[in-house]
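Residue-level structure breakdown
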Amino acid sequence: MKDQFVIACLADLSMKEEVVSHAAFFARMLNKGLILLYVQDKKYGNATTTEAEQQIQSLENRLSDLKPAHVIMKGDIKEVVNALPTLLNGVVAIVGVNAKAPNGSLTHPRVVLRLFRQCKIAYLTVQQKLGNAHDYDRIAFGVDFRKESKDKLVWASYFARFNNSRLMMMHFHYSDQGLLNKWKNNVRFMDKLFANLGVTYTDQVVTGHALFPETIICDNAAQSGCGLLVSVTTDTRDLDVIEWVAGVAEHRTIRNSARMPVLYINPRNDIYVLCD
């Protein structure tokens, strides 16, 4: 019996193949259990538990080497998501995103972000099936002057430690000395952490001025051949006027045109991580 689980969130069964392909990879990489989760929520009019049972049982049979479990229930999806670490011992959730989905549907990018806004575990948003394990050979993450940059480092290290992935740290060049000093402090913290873990990385300077720098990092990561971006969501307590009007960076990175998976971590003090 595994101590922690990768949660394949299948509330919208139209993307079950995409979600399960990535969830199976994560379960194998992390040597964790796999749970296929379906929640019937009357607010979204998704399939009944009876309708979902057959499809999920078929998925379970195909993943026999992982011996997955399945959980099918009725209720409020957001409440279930918030309870994943305690209810199901979840350590990471996988959820499908369709940039062209109708407003209000369970795969619509804004709906996904809203449902996972208070999630205490990392969650991976996927737009297409995983081609093969080599898709995760290169992992990108940005480091800037904000303290939240540090929240990405442990998860980035998992890919290097458990999948031998190459890490690419992307950053801007800061002309402001105060911002530069904060960035250097974050890099020193990263270097010390990675050295203790035996993890190496390469760095890449990105250029450009944008309202949302993370979108530039996301685009550069895709152009550099990275298969995944590790990102921290915006703390809703610290939104500025522009973000209230134009939205936050994750509203754009989640639907990136390269259809690259994005692993989001909410900026919380009680975030759950692996027992490794």
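Calculation criteria
Residues numbered from 1 in each chain as written. Predicted model: local features only at pLDDT ≥ 70, side-chain atom pairs only at ≥ 80, totals over all residues. Heavy atoms only, no water. Salt bridge = Lys/Arg side-chain N within 4 Å of Asp/Glu carboxyl O. Helix = DSSP H or I, 4+ residues; strand = E, 2+ residues; numbered from the N terminus. Buried < 20%, exposed > 50% of the residue type's maximum accessible area, 1.4 Å probe, protein only. Polar contact = N/O pair within 3.5 Å; in protein donor to acceptor, adjacent residues only side chain to side chain. Contact = heavy atoms within 4.5 Å. Phe/Tyr/Trp six-rings, centres within 6.5 Å; stacked < 30°, edge-to-face > 60°. Lys NZ or Arg CZ within 6 Å of the ring centre and 35° of its normal. Disulfide = S-S within 2.5 Å. Pairing = 2+ DSSP bridges. Axes fitted to C-alpha atoms, helices over the stretch in contact; angles between N-to-C directions.

1. Here's the deal with the pattern of salt bridges
Under the counting rule described, the total for this entry stands at eight salt bridges. Linking Lys152 and Glu214 is a salt bridge whose minimum nitrogen-to-oxygen distance equals 3.7 Å. You can see Lys152 sitting in the loop between strand S6 (138–142) and helix H6 (153–163) and its partner Glu214 sitting in helix H8 (residues 213–223), a full 62 residues away along the chain. Glu214 carries the same exposure label as Lys152, and that label is buried. Each of Asp41, Lys43 and Asp76 takes part in one network of salt bridges that share partners.

2. What about the side chain of His22?
With respect to the helices and strands, His22 occurs in helix H1 (residues 16–30). Engagement of the side chain of His22 in a polar contact is seen with the backbone oxygen of Gln128, the distance being 2.9 Å. A polar side-chain atom of His22 sits 2.7 Å from a polar atom in the side chain of Tyr136. Sequence-distant contacts of His22, defined by excluding residues within four places in its chain, comprise Ile94, Leu124, Val126, Gln128, Lys129, Leu130, Tyr136 and Pro261.

3. A look at the packing of aromatic side chains
Under the defined criterion, the tally for this structure stands at 14 aromatic pairs. Centroid distance Phe26 to Tyr136: 5.9 Å. Interplanar angle 90°. Geometry classified as edge-to-face. Taken as a pair, Phe26 in helix H1 and Tyr136 in the loop between strand S5 (122–126) and S6 lie far apart in primary sequence, 110 residues in all. Judged by its relative accessible area of 0%, Tyr136 is buried. Each ring, one from Tyr136 and one from Phe159, has its centre 6.2 Å from the other, and the planes form 50°; the classification is tilted. Taken together, the residues Tyr136 in the loop between S5 and S6 and Phe159 in helix H6 connect sequence positions 23 residues apart. Pair check on accessibility: Tyr136 and Phe159 agree, each one buried. An aromatic cluster is present here, built from Phe25, Phe26, Tyr136, Trp155, Tyr158, Phe159 and Phe162 joined pairwise through their rings. Between Lys150 and the ring centre of Phe189, over which it is positioned, the NZ or CZ distance is 4.8 Å.

4. With respect to unusual backbone geometry
You will see that Asn31, though not glycine, has its phi angle at about 55°, which is positive. Among the structural elements, Asn31 can be located in the loop between H1 and strand S2 (33–40). For Asn31, a relative accessible area of 53% gives the class exposed. You will see that Lys67, though not glycine, has its phi angle at about 50°, which is positive. Assignment of secondary structure puts Lys67 in the loop between helix H2 (49–62) and strand S3 (69–74).

5. Topic: the state of the cysteines
Using the criterion set out here, one finds zero disulfides in the structure. Here Cys119 stays unpaired: no disulfide links it, and the sulfur of Cys9, its closest cysteine neighbor, is 7.8 Å away. Residue class for Cys119 comes out buried when judged on its relative accessible area of 0%. In this structure Cys226 is a free cysteine whose sulfur lies 10 Å from that of Cys218, the closest cysteine sulfur available.

6. Observations regarding the pairing of S5
Side-chain positions along a regular strand alternate between the two faces of the sheet. With five of its five residues buried, S5 lies for the most part within the structure. In the sheet, strand S4 (residues 90–96) pairs with S5 via five bridges, with the strands oriented parallel. Across the sheet, the residue bridging to Val95 is Thr125, located in S5.

7. Quick notes on the sheet that holds S3
Pairing is mixed in the open sheet, where 10 strands are placed in the order S3-S2-S1-S4-S5-S10-S9-S6-S7-S8. Here the strands that pair on one side only, and so sit at the sheet edges, are S3 and strand S8 (201–205). Strand-to-strand twist in this sheet, taken as the mean axis angle between neighbours without regard to direction, amounts to 25°. Where S6 and strand S7 (residues 166–171) come together, five bridges link them in parallel fashion. Paired with Phe141 across the two strands is Met169, which belongs to S7. Against the sheet, H1 contacts strand S1 (5–9), S2, S4, S5 and strand S9 (228–232), and its axis sits at roughly 155° relative to S4. Its contacts with the sheet put H2 on S2 and S3, and the angle it makes with S3 is roughly 170°.

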